[in-house]
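Results of the structural survey
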Amino acid sequence: MFNGTFLGNLMGFLYFTLFIISGIFIANNLIKKLSFITRLWLGLVFGTVLLMWLPVAVSFLIGFNITSHIVALVILTGLNVLSFFIAKKPKLETFDFSFSKDDLLTLIPVVLMTVFYAIVETNHIMQPTESGGMIFGQSTYADVHIHLSFITSPIKQGTVPFNYNIAPQNQVSYPFLSDTVSSSIYIFGASLRWSYIIPTILGAFNIYLGAMLFFRLWLKKFAKALLAWILFAFNGGFGFMYFFDNLKVNEGNFSRIFEKLYETPTNLDGNMIRWVNTFCDMMIPQRATLFGWMMLFACLYLLYRAVFLKENKNFIYAGILAGLTPLISTHIFLAVGIISAVWMLSRLYVMMKYKPKYALYIALAILLLGVVIFVSTCIKTGDSITNVNYNTAGMNVLSACGIIIALIYISLTLIAILNGHLKEIFNTWGLYLIIVLVLALPQLICFTFGQTKGDGFLQPHFNWINSKDSYFWFYVKNMGVPALLLIPALFNANKRSLSVVAPVAVLMLLAETFSLQPNVYDNNKIIYPAFFLAIGIVADYMVTVYQKLKSIKGREILAVGVIIACVLSGALSMGREYVADEFEMFSSSDVKTAEWIDKNTENDAVFLTNDRYNNAITGLTGRSVVCGGGWFFSTHGLPDYNQLQNEVKQMYANPETSKSLFEKHSVDYIVVGPDERNSYTVNEDSIKNIADVVYNENGVQVYKLK
C-alpha cells in the first residue's frame, strides 16, 4: 500500500541504511590515503550505487521481490568482508577521521543546501491535502508521474527488466536505476512518498559535497573552489533583468516570479531564457540527472587523481563507477566517456613531450576548420540568412571535426605505443576502458540502443534550443557573467586547467550539432557537465582578478556586485521553487480510487482509462493501463501512440463490438470517471453489458470484465 506502515518505513529505512554504512566501510578499506571527508563522500556514493545495483542484479535472475533483496544483502555482506581482507591495515586506529578547517568550511554550504533541498523535495512530492488529495511542486509536476510509475511497476510486475505500465507491451529502456533505488525501500512496506524522497536527499548531499571536493582538488585554494561551487549551485544568467523592467508602471512584473507557472529568471521560454537552475529544474524533478551528477562528480574526482596526480589505482574505481552509469543516466555516461577520451588525449600529448603551443595551434586550426565548413555549407544550402540549412551545416562541422579529432587520437596512441609506452597505457587507460566496456556494454545493448532506434533520436540539430536570438547573445544572457569571462579565463588558465576543461569543446560541439533524443531540450544533460568544468576556470580567473585589484578601493563592493549578478537569477528561481508547492496532481477521488485498486485488484491487472499523464493508477499503484500520456511516448521512443489512442476511444464508444481489442490488450478493468467522460464518447450502458461494477465512489466507476 502506497501509504506505508510504521514497520514498513522502519524496515525500508534500515535496508537503505545498511547499504550506506557498507559503502562507507568499503570506501574506508579501499581508499585509505584520502582525507576522511573524501572517504565519507565516496562511501556514500558507493553505498548508493550498491543499493541501486545489487537488488536489481539479483532480480534479473530470480525476480524483483523480497527474496532478491535479502540475497542482495548477503552479497553486500560478502563485499564488506572482502574489502576488509583487501585492506592491508584494516584496524580502525589506522584511519584518519579528522576534519581540517577547509573540511568544516566545506560542510557548511553543503549541509545548508542539502537541508534546503530536503525542504523543497518534501513539499514537492505527494504532499497530502486536507481533502485527501496530493500536491506536487511546480518543477516536479511534469516529471514525477513517470518516476512514480518506475518505482511501483517493478514491484507489481515482479520482474527486472520490467515494462512501461503506460504502454505494457514495451520494455522500459529509460535508465531506471535512479527510480528502483526507491523501489528497494518501498518493497518492504515503506510509504511511497518517503521511499521517493529519502534517496534523493542523499543524492543531493553527494552532489553538493562532490562538486566542492572536486573543485578543491583541482583549483587548490578554498576561495576558488567555493566560488566555483556557488556558480554551479546558484547558476543563472541575466534573466532577472526581464523582471526588473518597468516596475514603476507594472509592479506585478517582479511578483509574477512567485505567482506564475514557469515564469522565473532561469526559465522564461518566451524570452529565450532556457538556462535552468541546477537546483530547480534539474536536481528536484529529474532523478536520472540527480543521481547521474552524483556519478559524474565521483568519476571526475577519481579520474583527476588518476590522470593528473598519477594515482593509477583510481582508474579501477573510476572505471567501475563509469561502467555502472548507463542505467543510472545515459547522458552522463556519454559525458563521462567524452571527458575521459579528451583527458586521455591530453595525457598522450604530454606523454610524448610535445610543446604545449602546438596543442593550441591544433585546437585553433580545428576551430577555424569548423567555422569554414559551417559558413561554406550555409552559403551552399541557402539563398539568404533566413533560408539556411543550419542542421546540415552543424552536422558537417561535427563530422569533419570529429574525424580529425579521432585521427589525432589514433595517431598519438600509435606513436606512444611505438615509443615504448604500451605497458603504461594498458595499466592505466587500457584497464579503465576494459572495466567500463565489460560493465556498460550489456546495459547499452539490452536497453539503450533499442530506445535510440525510435523516431527523433540521434538527429542533426544545430543551435540547441535557441530559436530567436543570435547565437552568442543567447548564451551571454542565459549564462550571464561566466559567459563573458570564459574567454579571458581560458587565456589566464595554466596548462593543467586547460587540459581539464578541454572536454568542454567536444561536449558543446556534440550538444550544439546533434539532437540526442526527441526532446532537444534534454541536450542540456550534456551541456551542463561542460558548464561544470567551465565555471572552474571562470572562478579561478575571478579570484585572480580580485587579488590583482587589491590596490583599488572598493574592490569588495565590486566583487559583491559581480557575485550578485551571477547568482540573482538562480536565487530568485530557487525562492520561487520554495513556495511552488501548490499544484494538486491527484485529487482525493483519484487517491481513494487508487487505494481501492491497490488493495483489491491483481498486481498484473490492466486498466482501460483515458490517456492523462497524471494517472494515479499507474503512478500510485503500479498497475498497467492500455495507453498513457502521449508526451511520455514521444520522449521515451515508444511506438504506436496514435493507434493505441484510437483503439482506446473505440473500446469506450463501442465496448460490445471491441472484444478483440479487449483481448489484444489483456484488459481486466474499465475505469469510467470525469477524465474519461471528458475525453471520449463513453457508452456506459454497453459497458454494463460486458462488465460488472466493482467500485463506485465520487463519480468514478471501476468495472471488471465478465
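Rules behind the numbers
- Residues numbered from 1 in each chain as written.
- Predicted model: local features only at pLDDT ≥ 70, side-chain atom pairs only at ≥ 80, totals over all residues.
- Heavy atoms only, no water.
- Helix = DSSP H or I, 4+ residues; strand = E, 2+ residues; numbered from the N terminus.
- Rg over C-alpha atoms; globule rule 2.2 N^0.38 Å.
- Buried < 20%, exposed > 50% of the residue type's maximum accessible area, 1.4 Å probe, protein only.
- Expected span 1.5 Å × (residues − 1).
- Arc of directions from axis to C-beta.
- Contact = heavy atoms within 4.5 Å.
- Polar contact = N/O pair within 3.5 Å; in protein donor to acceptor, adjacent residues only side chain to side chain.
- Disulfide = S-S within 2.5 Å.
- Axes fitted to C-alpha atoms, helices over the stretch in contact; angles between N-to-C directions.
- Parallel < 35°, antiparallel > 145°, perpendicular 65-115°, else oblique.
- Nonpolar A, V, L, I, M, F, W, Y, C, P; charged D, E, K, R; others polar.
- Pairing = 2+ DSSP bridges.
- Left-handed = near helix turned anticlockwise from the far one by under 90°.
- Patch = residues over 30% accessible without salt bridge, like charges linked within 9 Å, V, L, I, M, F, W, Y side chains within 5 Å.
- Areas by Shrake-Rupley, 256 points an atom, 1.4 Å probe, with all protein chains shown as cover.
- Salt bridge = Lys/Arg side-chain N within 4 Å of Asp/Glu carboxyl O.
- pLDDT = per-residue confidence, 0-100.
- Bend = angle between axes of the 7 residues up to and from the residue.
- Core = buried A, V, L, I, M, F, W, Y, C linked by side-chain atoms within 4.5 Å.

Before going further, it helps to examine the overall build of the protein. Across its full length, the protein holds 29 helices and ten strands. Against the globule reference of 27 Å for 706 residues, the protein gives a C-alpha radius of gyration of 27 Å, in line with a compact fold. Expressed along its principal axes, the backbone C-alpha trace of the protein runs to roughly 85 × 70 × 55 Å. The buried share of the protein, taken over its 706 residues, is 57%.

What follows deals with helix α3 (residues 66-86). Between its first and last C-alpha, α3 extends 30 Å over 21 residues, near the 30 Å set by a 1.5 Å rise per residue. Among the residues of α3, those classed as buried are S68, H69, A72, L76, N80 and S83. What you see down the axis of α3 is that its buried residues fit within an arc of 130°, all on one side. Of the exposed residues in α3, the ones pointing more than 90 degrees away from its buried face are V74 and F85. Summarising the contacts, the buried residues of α3 are in contact with α1 (6-30), α2 (36-62) and α6 (177-186). If you check the start of α3, you find a side-chain oxygen 3.2 Å away from the backbone N of T67, and it comes from N65.

So, about the state of the cysteines. For the structure shown, the criterion picks out zero disulfides. Not engaged in a disulfide, the cysteine C378 finds its nearest cysteine sulfur in C401; these two sulfurs lie 14 Å apart.

Moving on, we get to the packing of helix α18 (residues 481-492) against helix α21 (residues 524-548). Viewed as axis vectors pointing N to C, α18 and α21 meet at an angle of 80°, and their least axial separation amounts to 8 Å. Classed by the angle they form, the pair α18 and α21 counts as roughly perpendicular. Note on element contacts: α21 touches α18 through A534, I537, V538, Y541, M542 and T544, opposite P482, L485, L486, P488, A489, L490 and N492. Of the residues that constitute the contact of α18 with α21, the class distribution is eleven nonpolar, two polar and no charged.

What follows is about the sheet that holds strand β9 (residues 691-697). Taken in spatial order, the five strands line up as β7-β6-β8-β10-β9 in an open sheet, and their pairing is mixed. Since the sheet does not close on itself, it has two edges, and those belong to β7 (624-625) and β9, each with one partner.

A few words now on the packing of helix α4 (residues 101-124) against helix α7 (residues 192-219). At their nearest, the axes of α4 and α7 sit 9 Å apart, and the two run at 150° to each other. Relative to α7, the element α4 is oriented roughly antiparallel. Here α4 and α7 pass one another in a crossing that is right-handed. Tallied by class, the residues present in the contact of α4 with α7 amount to 16 nonpolar, four polar and five charged.

On the surface, Y358, L360, Y361, L364, L367, V371, V375 and I379 cluster together to form a nonpolar patch covering roughly 800 Å² of accessible area. Relative to the elements of secondary structure, L360 occurs in helix α15 (residues 356-381). Among the residues examined, L360 registers a relative accessible area of 48% and is labelled partly exposed.

A few words on the pattern of salt bridges. Taken as a whole and judged by the stated rule, the model has 17 salt bridges. Ionic pairing is found between D269 and R274, a salt bridge with its closest N-O pair at 3.1 Å. Overall, the relative accessible area of 44% leaves D269 in the partly exposed class. Several salt bridges share partner residues, and in doing so they unite K156, D598 and R623 into one network.

Before going further, it helps to examine the confidence of the model for the protein. Looking at the protein, pLDDT values average 91 and 96% of them are 70 or higher. Across the protein, the element-wise mean pLDDT spans from 76 in helix α25 (residues 630-635) up to 98 in α7.

The next subject is helix α5 (residues 144-157). Relative to the 20 Å expected for 14 residues at 1.5 Å per residue, α5 spans 20 Å between its end C-alpha atoms, a close match to the ideal helical length. The sharpest bend along α5 measures roughly 25° and falls at I151, with the proline P154 sitting one to four residues further on. With 13 of 14 residues buried, α5 lies mostly within the body of the structure. Positive backbone phi, at 70°, marks G158, one or two positions downstream of α5.

What follows deals with the nonpolar core. F214, F215, F279, W293, W343 and L620 are the most contacted members of the largest nonpolar core, which has 225 residues in total. Grouped together as the second largest cluster of nonpolar side chains are eleven residues, A605, I617, V625 and V702 included.

We now examine unusual backbone geometry. Note that the residue after V160, namely P161, is joined by a cis bond; omega there is 0°. By the element assignment, P161 lies in the loop between α5 and α6. In this structure, M272 is a non-glycine residue whose phi angle is positive, near 60°. Relative to the helices and strands, M272 resides in the loop between α10 (252-255) and α11 (278-283). The phi angle at N698 is positive, at roughly 55°, despite the residue not being glycine. Within the secondary structure, N698 is located in the loop between β9 and β10 (700-705).

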